[in-house]
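# Survey of secondary and tertiary structure
In case you want the letters, here they are:
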Amino acid sequence: MAATISAKIDNSDKNAFEYICSSIGLNVSSAITAFVKATIRENGLPFALKASDDPHIYSAENMKYLRQSIAQLENGHGQAHELKEIP
């Protein structure tokens, strides 16, 4: 007996997922079934979930800076600026 799973996702994500599935010869149902089977086989998600590849993002120095920035914003002393890439 088959069961139905329903999920709400962004329409552009759905379209991209359908395109990828089609390009490798699968329909969405088959791809989701493969994901479910792999999850059962692995007894968990069949891929790693990561917050970041950068181990320094949660460093004490960065967290201190973040707390100071939040305090400034909460006290009405925020300033908009462009984001800068960190080398």
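For the structure, see preceding data.
Figured I'd write up the structure that's included with this text. (Residues numbered from 1 in each chain as written. Predicted model: local features only at pLDDT ≥ 70, side-chain atom pairs only at ≥ 80, totals over all residues. Heavy atoms only, no water.)

## Structural notes on the overall build of the protein
- Regarding its fold elements, the protein presents 3 helices and 0 strands.
- Each helix (α) and strand (β) of the protein, taken in turn from the N terminus, gives the series α-α-α.
- Taken over the C-alpha trace, the protein has a radius of gyration of 21 Å; the compact-globule value for 87 residues is 12 Å, which it surpasses by more than 25%.
- Its C-alpha atoms give the protein principal-axis dimensions of about 60 × 30 × 30 Å.
- Each of the 87 residues in the protein was classed as buried or not, and the buried ones make up 3%.
- A total of about 8600 Å² of accessible surface is found on the protein, and carbon and sulfur atoms cover 57% of it. (Helix = DSSP H or I, 4+ residues; strand = E, 2+ residues; numbered from the N terminus. Rg over C-alpha atoms; globule rule 2.2 N^0.38 Å. Buried < 20%, exposed > 50% of the residue type's maximum accessible area, 1.4 Å probe, protein only. Areas by Shrake-Rupley, 256 points an atom, 1.4 Å probe, with all protein chains shown as cover.)

## Brief notes about the pattern of salt bridges
- One pass over the full model with this rule turns up 2 salt bridges.
- Between Glu-18 and Lys-14 there is a salt bridge, and its shortest N-O distance comes to 2.9 Å. Taken together, the residues span about one helical turn, with Glu-18 and Lys-14 both in helix H1 (residues 11–23) at a distance of 4 residues.
- Linking Glu-42 and Arg-41 is a salt bridge whose minimum nitrogen-to-oxygen distance equals 4.0 Å. (Salt bridge = Lys/Arg side-chain N within 4 Å of Asp/Glu carboxyl O.)

## So, H1
- Look at H1: 18 Å from first C-alpha to last across 13 residues, which is about the 18 Å you get at 1.5 Å a residue.
- Immediately beyond the C-terminal end of H1, within one or two residues, lies Gly-25, with a positive phi of roughly 85°. (Expected span 1.5 Å × (residues − 1).)

## So, the environment of Ile-70
- Within the secondary structure, Ile-70 sits in helix H3 (residues 60–74).
- Since its relative accessible area comes to 40%, Ile-70 is described here as partly exposed.
- Each C-alpha atom, one on Ile-70 and one on Ala-48, is 30 Å from the other, the two residues being 22 residues apart in sequence.

## Some points on a nonpolar patch on the surface
- Nonpolar side chains collect at one region of the surface, where Ile-5, Phe-17, Ile-32, Phe-35, Val-36, Ile-40, Leu-45, Phe-47 and Leu-49 lie side by side and expose about 890 Å² of accessible area between them.
- With 4 residues, the top contributor of residues to the nonpolar patch is helix H2 (residues 28–42).
- Along the polypeptide, Ile-40 turns up in helix H2. (Patch = residues over 30% accessible without salt bridge, like charges linked within 9 Å, V, L, I, M, F, W, Y side chains within 5 Å.)

## Points about unusual backbone geometry
- The phi dihedral of Asn-43 is positive, around 55°, even though this residue is not glycine.
- The exposure class assigned to Asn-43 is exposed, which follows from its relative accessible area of 74%.

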